[in-house]
Structure formats: structure tokens, C-alpha cells
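Examination of the molecular architecture
Residue strings, one per chain:
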Amino acid sequence: MIVNGIDIKRDRGSHLYHARLPRGSPRGPPPAVPPPLSPAVPTPALSPAVPSSFFPAREREACKGRPLERCRSQQRALCNSAGLCAMSGPRVLRELHGVFAVYKPAAVTWRQVRSTLESRLLQELNALKQPGARQLVKVETFTTATERGEEQSLAVSLVPSLADHPLVRGPRYRSLGLAVGHGLDTSASGVLVFAVGSGRRLLDELRKSPVTQAYTLHGRLGIATEDFSTQGRVIETVTYEHVTRDLMERAVAMMHGAAQKALLLHSDVDVGSHEGYLRAVSGCLLPSRHKTPALITAVRLADFNPPAFTLEVQCTPQGSQLALRRCVHDVGRELRCAGAAHLVRRVRDGPLALAHALAPARWHLLPVLAAARAGGLAVRTALGTVVKREEGEEGEGEEEEDFRRE
């Protein structure tokens, strides 16, 4: 490109220009050449709140040594390949409101899971099509020389607001405000429920409703530790050769009976009524909506291969994973032996089970959108069932009172 007799050459992939003087021209600094106009909506740089380490390793390697714009365009291709290129950021954010579940791995805190998930969602939301900048009215005055003298004229035009420029504003979405349900400690794994936007209301109703959780406990006989887990400091080792499957099933059955008795005492059903008996037999008893202590409502032996064994436990959300590990320790004491929990996995939290949970490889925008729709429907269905059951209990209670009065 020739400008004022000077050959201007532009570097590929950048906005830098170099001037090359023709032969015989005096040496000296080249005249200032204004840079080209920037695009209407240039791609912003990476925000400190969204580190580039969340991009896949293959994409990071492909972006090494390339200009920033080409890297960002390649990162936007992640969302385009997911079928979201035609949707705008605000629309996708509205669709994201709901309740969904993810799978939390062991040795990771739930706060790290929330931070990683939110960073990935924000990264992909900011890569989508965003609304244009606001238009401002610009009035300019022009002076023209005529035969009568100088005349002034006004020109009105619309210009984009620089306050909405991505380089000034930064990323449009900086926080989603993810609300977490019942947490899991670092050693535990399994279903972890999150809510976005209007889904927080559903999550609050789910916490107040009398729902239960299901866990799978993997234990080991012959060892006792301080924190009831195999990773803790060992305080006792005993033999376990005398333990058979029959003895194990008998100990688990005694624990299940004690759990059912405690559930009858803390439920809204009359223990001596026929309805209470039928619900206890069918396994439809639920704890009361009122303040209920941490309860283990059901225990079952799933597998026994000494020294390893597996328990399936159902409990109220008020309980902690430490209480579940203590349950494994109590089973060992009942068998005149010691026991410690090797793994605690939550397989169901209310109506959301492992089938609804997203694996870490699927913590992206499109799978989360589908999970939010399915999770919201499952929670609404479960809450409606609980309300109908409570209304039926109130009606039956009123009929019994009327019968007694007569």
C-alpha cells in the first residue's frame, strides 16, 4: 500500500505497520500513519476471572504462538460446534435458569467444583453472540465558506457508545451466582445439586421438603481409624475371619430395624394406626417437615466379599458423611470386629440421581442446559407428589377426628 509516496507494509495477524522508503529518499523517521479503524466489536482479552487453564489442553496447544484474535476465534468455535452459535447470550442465560446435578469426584471440594463449573459456563456465555452497543446521538457543527461569508450547519448521526465497547466494559457475564444444595466433604463423591437464577426457589423448596438421600458405602473389615475412614490414622487392627455373610446380614438387619423405629417416631403418622403399619411395610414413610434430627432411614447389604463389603444407606439430608462413616464403624463393632469406610458415594439427592448428574467432561453449556430442563421437571414432580401426600394425610386425620367425635 502506497501512502504519500511511502510503501506501507502491514504485519500479518497484527495492527502494526512498517514504512519502507523508496531509494534515494532522505533517511529519518517516517511520517505518522494512523492505525486502521478497529472492528465494531473486537474480541476482548481473557478476563482474570476466567483463566485460560479451563480450555482443553488440545486447544491451548493449538493457540500457542498465535495472535490473540485467532485464539479467541478458535475458542468461540467450541460453542459454535455445540449448536449455540445462532443463540444470543441473554437468551441462553434465561434458558439456563433451573436445577441440575453434577458428579463431584473424590479428593475435590465442592467449592472447587462450583468455581470450575461457573468459570466454564461464563467462558462459553461470553463467547456467544452479544447484544450490540447502545447508539448515541452525535451532533457535529460544520463551517463552510460561501459568497455571503461563513455558514454553519449541523450534522446529526448515531454512533456506538464507547462505554459498551468490550475493551472498556470487559466480559459481559462475570458471575452466575450458582447456589449449591446439600454439600459433600472432600473425601466423598457423587451427586451434587446446583441452581441458577429462578432455580434457587426450587432448591429452597427441595431443602424444606421431607426428601431423603441415598448413599453407597464401601467398607473394610479389620481396621479402625480415628475418622472412621481408611485414610485416617489407624488405631486398631483385628481379625475378621469369623465374619460370614449371615452374620453381616443379621447385623445390617438389626441396624435397619432401629432406623425404621426412629423414623416412625419422627414421622407425622400415628405409630399405632393401620396407616402407619402399611406405610412402614411398603417403605413409604417420610420424616416430618418440622425440625428433624439426622436419621438413617434404611440400610441394606449390597455386597460382601471379605474384608470388603458394600452398604446401601438411605438417610435424611441433615446427616453428614462423617455419620455415615461411623455407621460402617458400628457395623464392625456389632460383628465383634472393626470397620472403616473406604468410599462414600451419594447416588441420589431427592429426585435427582446419578442418571441426572453430569460427569466432569460434560461440564459445558449445552449439556447443562439440557440437565437444567430435566432437573427442574424432576424437582417439580417430586414436590407436587409430596404436597399431595401431605394433603391426603391431613384429610385422613380430619376424618378420624370426626369419627371419634361421633
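Read on for an overview of the structure. (Residues numbered from 1 in each chain as written. Predicted model: local features only at pLDDT ≥ 70, side-chain atom pairs only at ≥ 80, totals over all residues. Heavy atoms only, no water.)

Some details on the nonpolar core
Burial of nonpolar side chains together is a common tendency in soluble globular proteins. Counted only if it meets this: Only buried Ala, Val, Leu, Ile, Met, Phe, Trp, Tyr and Cys residues count toward a nonpolar core, and they belong to the same one when joined by side-chain atoms within 4.5 Å. Each residue's exposure class comes from its accessible area (1.4 Å probe, protein chains only) as a fraction of the maximum for that residue type: buried when under 20%, exposed when over 50%, partly exposed otherwise. Secondary structure is summarised from DSSP: a helix means a run of H or I of at least four residues, a strand means a run of E of at least two, and numbering begins at the N terminus for each. For this analysis, residues touch if any pair of their heavy atoms sits within 4.5 Å.
Judged by nonpolar contacts, the single largest core of 26 residues is most densely connected at Phe 100, Val 102, Leu 117 and Phe 194. Of all the secondary-structure elements, those providing two or more residues to this core are helix 3 (89-96), strand 4 (98-104), helix 4 (110-126), strand 8 (189-196) and helix 10 (365-405). Broken down by element, this core gets its largest block of residues, six residues, from helix 4. If near-sequence neighbours (up to four positions away) are discounted, Phe 194 is found in contact with Gly 98, Val 99, Phe 100, Val 102, Val 113, Arg 114, Leu 117, Leu 178, Ala 179 and Val 180. Counting residues in each nonpolar core, the second largest holds 23 residues, with Ala 188, Leu 217, Val 252 and Leu 301 among its members.

Topic: helix 4
Definition in use: Expected helix span is given by 1.5 Å per residue-to-residue step, counting one fewer step than there are residues.
Helix length check: helix 4 (17 residues) gives 24 Å between terminal C-alpha atoms against 24 Å at 1.5 Å per residue, within 8%. Of all the 17 residues making up helix 4, 12 are buried; the element is thus mostly covered by neighbouring parts of the structure.

Regarding unusual backbone geometry
Along the chain, Pro 306 connects to Pro 307 via a cis peptide bond; the corresponding omega equals 10 degrees. Along the polypeptide, Pro 307 turns up in the loop between strand 12 (296-305) and strand 13 (308-315). One non-glycine residue, Ala 107, lies in positive phi territory at about 65 degrees. By secondary structure assignment, the location of Ala 107 is in the loop between strand 4 and helix 4. Judged by relative accessible area, which is 66%, Ala 107 ranks as exposed.

What to know about the pattern of salt bridges
We count it as follows: When a carboxyl oxygen of Asp or Glu lies within 4 Å of a side-chain nitrogen of Lys or Arg, that pair is called a salt bridge.
Counting across every chain of the model gives nine salt bridges. One salt bridge connects Arg 207 with Asp 204, and the closest N-O pair in it is separated by 3.8 Å. Of the two residues, Arg 207 and Asp 204 are both situated in helix 6 (residues 199-208); the distance of three residues between them amounts to about one turn of the helix. Look at Asp 204 and you get partly exposed, because its relative accessible area is 36%.

Here we look at the pairing of strand 8
A regular strand carries its side chains on alternate faces of the sheet. Condition: Being paired, for any two strands, means DSSP has found at least two bridges between them.
With eight of eight residues buried, strand 8 is to be regarded as a mostly interior element. Here seven bridges tie strand 4 to strand 8, and the two strands are oriented antiparallel to one another. When the bridges of strand 8 are listed, Tyr 103 appears paired with Val 191. Bridge analysis of strand 8 against strand 14 (residues 339-349) gives two bridges, and the strand direction is parallel. Paired with Ser 189 across the two strands is Arg 345, which belongs to strand 14.

Some thoughts on the environment of His 256
With respect to the element layout, His 256 can be found in helix 7 (residues 245-265). It is 7.4 Å that separates the C-alpha atoms of His 256 and Thr 297, two residues lying 41 residues apart in sequence. Apart from the residues within four sequence positions on either side, His 256 is in contact with Thr 297, Ala 298 and Val 299.

Remarks on helix 6
Applied cut-off: What the arc covers is the set of directions going from the helix axis to the C-beta atoms.
Where helix 6 is concerned, the buried positions are Gly 199, Leu 202, Leu 203 and Leu 206. For helix 6, the angular spread of the buried residues around the axis is 100 degrees, confining them to a single face. Exposed side chains of helix 6 directed beyond 90 degrees from the buried face belong to Arg 201 and Lys 208.

A few points about the pairing of strand 5 (residues 135-146)
Here strand 5 runs beside strand 6 (residues 149-160); their pairing, made up of 12 bridges, is antiparallel. Within strand 6, the position partnered with Ala 145 by the bridge is Glu 150. In textbook terms, the turn of a hairpin is the stretch between consecutive antiparallel strands, and for strand 5 and strand 6 this stretch comprises two residues.

With respect to a nonpolar patch on the surface
Condition: Patch building starts from residues that exceed 30% relative accessible area and form no salt bridge, then joins like charges within 9 Å and nonpolar side chains (Val, Leu, Ile, Met, Phe, Trp, Tyr) within 5 Å. Accessible surface is estimated by sampling points in the Shrake-Rupley manner with a 1.4 Å probe; for residues, cover comes only from the protein chains shown.
A grouping of Val 137, Val 139, Leu 154, Val 156 and Leu 158 is seen on the molecular surface, where their side chains present a nonpolar patch of about 540 Å² in accessible area. Sorting the residues of the nonpolar patch by element identifies strand 5 and strand 6 as the ones contributing at least two each. Among the elements that take part in the nonpolar patch, strand 6 stands out by supplying three residues, more than any other. Within the secondary structure, Leu 158 is located in strand 6.

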